[in-house]
Structures are given as structure tokens and as C-alpha cells.
Amino acid sequence: MGRRIFSDEHEMLRKSIRAFVEKEVTPHVREWEDAGRIPRSLWRRLGELGFLGLEFPTEHGGGGGDFLSSVVLGEEMARCRSGGVAFSVLVHTDMSSPWLTRFGTEAQKRRYLPRIIAGELVCALAITEPGTGSDMAALSTRAERRGAHYVLTGGKLFITNGVYGDLYFVAARTAPGTPGRRHDGISMFLVERGLPGFSVSRKLDKMGMRASDTAELAFEECAVPAENLLGVEGQGFQQLAAGLQRERLMAAVLALSGATQALEDTLAYLRERTAFGEPLAARQALRHRVADLATDLEAARALVDHAASLYAGGEECVTEVSMAKLFATEVANKVAYEAVQLHGGYGYMREFPVEGFFRDVRLWTIASGTSEIMREIIAKRVLG
Ligand SMILES: Cc1cc2nc3c(=O)[nH]c(=O)nc-3n(C[C@H](O)[C@H](O)[C@H](O)COP(=O)(O)OP(=O)(O)OC[C@H]3O[C@@H](n4cnc5c(N)ncnc54)[C@H](O)[C@@H]3O)c2cc1C
């Protein structure tokens, strides 16, 4: 079915990203999955092609595009058959660096944006801690102002691009929250790799998304220059909340595009594989399951497209984004389960992409706000 939210320009962009992904990404994903990282050369190539700066202002070397250009990037990267590759790239382009254009000073933008866009600086977002994830206000990493620095002490967990990254968007407490306003007192900092007192304590081993590296980080009296405060001191949570809708939409986009690819792979398999004298695609029991999956995906796509166009238009869309994130990531997991089942024993084998998708997509009902948290947000808005 046609997608009405995209212009001809978006479709041209899609064509060029798709060609790049097919030629320069997909053939290597197995190697990167095994290595547990994507190579620096891929970042530089993405930069060279302009794909890391689609939405950034042209004066800093970006493409000056809209949010839907980033949706196109997410959809096309997710077709590479490695959730981890797409996740790493979109953490850089969509889940961390946009905070710089939104809240950064001119000096911060001049210092970092050109290198972010060129793929020379890889970005990570560090909010989650060993003791807290969903409850962001409970974070305990401290940042204490001492002269020209903020001194950071604490730890972060599950940080994507954290092992091999260069620039970290870190949330830390500059003041205690107050009763009824426990989200106040959090601030955001730009922390560069190599700063004394900042280290990667562990590379984490995980179920899926294996081509994206995931870190535990430690801050031990790490002195961050005061000019690296991002936005307003104490308003970090409010700043993050403003960006969360983008992150959640992108999670929905990645899950949905991966699921669409997994269903396409499954249809091809059902047409090809024969059992009891005919292609599996002829079996009514399987045809009906495929029909249900295709319908669920179409419904998820309608929700995601609607939320994405509201977001792109600058409209208030927290309910729509939460619904899109919840529904699309749950549907994508259903598709993954059925895709493996419909492949039979082959679906359990590493050489079949649906096996990897099954592991990768499990993340999406957890990261960027769990399904339970999405339901909390939606319930608050519909019930009060
Ligand atoms: C591979 C991976 C990559 C990640 N990348 C990043 C990253 O780059 N940066 C970053 O900052 N974080 C990252 N995360 C962290 C991720 O965002 C958190 O794991 C997620 O927000 C959930 O937090 P938690 O793990 O602490 O779970 P918890 O918050 O402890 O939740 C545990 C369970 O309780 C449920 N729950 C919690 N609160 C409620 C409630 N009020 N009502 C009902 N149920 C509730 C949850 O839904 C969940 O099922 C990543 C995680 C993973 C696994």
C-alpha cells in the first residue's frame, strides 16, 4: 500500500539509502554481528554520503531535512538484517546527537556537529544506571560544580555505542529533587572519551543486537568542563522528555521495518518450501496466519506513520507516539515468533536471518520505554 506521508524527495532518499545498504551493509552484517561492533569505516562512509546529518542545519554541514528523512533512514537501515547495525546508527543520529541542535550553544555545535555528521565522532546516550532505568528521576550519578568544572561520580549501564563511542550525552544529578518535583535537578553533559576519571568498565554480552556494542560506564571524580553542560542546569529531565518522543518513534520504526523484512523473508520461504507434495504457501492454515501478520503490520504502520507525521509537524503527540511504540514493537515480536515457526527447523538456524531478528526485536518492548511504561502513559492520558 502507498505511504502518503512521504514526498518524492523522501522516496529519492530512500532509493539511495536502500542501494547503499544492499551493496555496502547487508553483505557484511554477519561479520559485524560476530565481531560485536561495526567498523569505523562504516561510520565514515555514512558520513561521506550525508546520511548522518540528514536533519542537521546546513551551516554545520547537515542536510537541513525534516524528521521524515530520519524515518526513511531508520526504515532502510533496518532492512540490512542486523538490528544491531541499525540500532547503533540510529542511536547516533536520532537518540543522542539531536539534543545538541536542540539545546546546545553555538560553540558546542561548532565544536562537535561537523565531526558527528562526518562520522568521526560516534555518539552515545547515557541515562540508564545499574539501579534504575524506567524511573529516570531515581538516577544517582552526581555532578558537583567545582570552579570551572562539574565533577561526575557514578555509573551507567546498557549504553549503546558506549564501548567504542567518542561523545557521550550523560544525565547526572546536579541537585536533589524535591518532594512532588523529583525530576528537577537532573542535568545533561557532553562527555568526551578519554577524560580522566571516565572509563568503560565492561562490554556487555547480550541476547541480540550483537553488532551494536553495549557498555557499562564508570565516572570516578571525572572533571567535565563547565562549558560542556548541555542546556539548562537542573532541567535535564525536561529536556530529555522533549526528545523521548523522537527516540520512541524511531524504536517503533526500526522494529516495524525489521518485521516487514522478516515477513517478506517468510513469504519467500513459504513459496519455495514444499511439504506433502505442495508449497507451504498453498496451506490454508499458514495462509491465514500470514494474512493476520500482514494485517497487524499494516495497522502498526498506520499508527507509526500517523504519529511520525504529527511529530514532524511539531504537534503534541505523546499519546500517539506511546501507542505507536507499544503496538508496533509488540506486533514486531509476534511477527518474529511466527516467522521462526513458519521456517520450521531452518528458522532456528543462525544462517537464516529470521533467527537473528527474533533475538534482536526482543529488545524493542524493553528499550526506549518498556511496553508497561507506554501503557502507563496511555492510561494516564485516557483515564486521568
Ligand atoms: C541492549 C540495550 C541497549 C540499551 N541502550 C541504552 C542506551 O543507549 N542508553 C540508555 O540510557 N539506556 C539504554 N538501555 C536501557 C533501557 O532503556 C532500559 O533497560 C529500559 O528503560 C528499562 O529499564 P530497566 O532495564 O531498568 O528496567 P526496570 O525499569 O527495572 O523495569 C523492569 C520491569 O518492570 C516494569 N516496570 C517498571 N516500572 C513500572 C511501572 N511503573 N509499572 C509497571 N511496570 C513497571 C518494566 O516495564 C519491566 O518490565 C538499553 C537497554 C538494552 C537492553
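On a predicted model such as this, the values are computed, not experimentally measured, just so you know.

**Student:** Tell me what's going on with the overall build of the chain, and back it up with residues and numbers.
**Tutor:** The secondary structure content of the chain amounts to 12 helices and 10 strands. Relative to the compact-globule value of 21 Å for 384 residues, the chain shows a C-alpha radius of gyration of 21 Å, a close match. Counting only C-alpha atoms and orienting by the principal axes, one finds that the chain spans roughly 80 × 50 × 40 Å. The buried share of the chain, reckoned over its 384 residues, is 54%.

**Student:** Let's hear about the pattern of salt bridges: which residues, and what values?
**Tutor:** With the rule as written, the count across this model stands at 29 salt bridges. Among the ionic pairs, R283 bridges to E278, the shortest N-O distance being 3.3 Å. What makes E278 partly exposed here is its relative accessible area of 30%. The partner of R350 in a salt bridge is E355, with the nearest N and O atoms 3.5 Å apart. One network of salt bridges, with partners in common, ties together E11, R14, R18, E75, E76, R79 and E264.

**Student:** Now, about the environment of S16: what can you tell me, with residues and values included?
**Tutor:** For S16, the position within the fold is in helix 1 (residues 8–25). Judged by relative accessible area, S16 falls into the partly exposed class, the value being 34%. S16 sits 86 residues away from R102 along the chain, and the two C-alpha atoms are 28 Å apart. A distance of 3.0 Å separates the side chain of S16 from the backbone oxygen of L13, its partner in a polar contact.

**Student:** Describe the packing of aromatic side chains, naming the residues involved and giving the relevant values.
**Tutor:** Evaluation of the coordinates by the stated rule reveals 9 aromatic pairs. With a centroid separation of 4.7 Å and an interplanar angle of 65°, the aromatic rings of F67 and Y311 are classed as edge-to-face. In this pair, F67 sits in helix 4 (residues 67–77) while Y311 sits in helix 9 (residues 284–312), placing the two residues 244 residues apart along the sequence. Each member of the pair F67 and Y311 is classed as buried. Ring plane angle 40° and centroid distance 5.2 Å describe the contact between Y346 and F352, whose orientation is recorded as tilted. Through a chain of ring-to-ring contacts, the aromatic side chains of Y168, F198 and F219 assemble into a single cluster. Looking at R14, its charged tip hangs above the ring of F6, at a distance of 5.0 Å from the centre. Here the basic side chain of R37 rests over the ring of Y164, its NZ or CZ set 3.7 Å away from the ring centre.

**Student:** Any details on the site of the ligand? Residues and values, ideally.
**Tutor:** Around the ligand sit 19 residues in total, of which T128, S134, F158, T370 and E372 are the nearest. In the model, an oxygen atom of the ligand is placed 2.9 Å from a nitrogen or oxygen of the I127 main chain. Contact with the protein chains covers 63% of the free accessible surface of the ligand, which is 970 Å². When contributions to the shell around the ligand are tallied by element, the ones reaching two or more residues are strand 1 (123–126), strand 3 (149–160) and helix 12 (371–383). No other element matches the 3 residues that strand 3 contributes to the shell around the ligand. Partitioned by chemical class, the residues of the shell around the ligand number 10 nonpolar, 7 polar and 2 charged. There are two domains that each give the shell around the ligand at least three residues, and those are domain 2 (124–234) and domain 3 (238–383).

**Student:** Break down empty space enclosed by the protein for me, with residues and values.
**Tutor:** Summed over all chains, the structure comprises 2 cavities of 30 Å³ or more. A volume near 190 Å³ is recorded for the largest cavity. Put simply, the parts of the chain that give the lining of the largest cavity at least two residues each are helix 5 (83–96), helix 8 (236–272) and helix 11 (353–360). Looking at the lining of the largest cavity element by element, the count peaks at 6 residues for helix 8. Of the residues belonging to the lining of the largest cavity, the class tally is 12 nonpolar, 4 polar and 3 charged. Taken domain by domain, the makeup of the lining of the largest cavity includes at least three residues from each of domain 1 (8–121) and domain 3 (238–383). As a volume, the second largest cavity reaches approximately 80 Å³. Considering the residues around the second largest cavity, the lining is formed by R37, I38, R40, W43, S88, V122, N161, Y164, G165 and D213. Of the residues belonging to the lining of the second largest cavity, the class tally is 4 nonpolar, 3 polar and 3 charged.

Parameters and conventions
Residues numbered from 1 in each chain as written. Predicted model: local features only at pLDDT ≥ 70, side-chain atom pairs only at ≥ 80, totals over all residues. Heavy atoms only, no water. Helix = DSSP H or I, 4+ residues; strand = E, 2+ residues; numbered from the N terminus. Rg over C-alpha atoms; globule rule 2.2 N^0.38 Å. Buried < 20%, exposed > 50% of the residue type's maximum accessible area, 1.4 Å probe, protein only. Salt bridge = Lys/Arg side-chain N within 4 Å of Asp/Glu carboxyl O. Polar contact = N/O pair within 3.5 Å; in protein donor to acceptor, adjacent residues only side chain to side chain. Phe/Tyr/Trp six-rings, centres within 6.5 Å; stacked < 30°, edge-to-face > 60°. Lys NZ or Arg CZ within 6 Å of the ring centre and 35° of its normal. Near = heavy atom within 4 Å. Areas by Shrake-Rupley, 256 points an atom, 1.4 Å probe, with all protein chains shown as cover. Nonpolar A, V, L, I, M, F, W, Y, C, P; charged D, E, K, R; others polar. Domains from an automatic or database assignment. 1 Å grid on protein atoms, 1.4 Å probe; cavity = no way out; pocket = protein on both sides within 12 Å on 5 of 7 lines; lining within 4 Å. Points joined across faces, edges and corners; volume = space filled by probe spheres on them.

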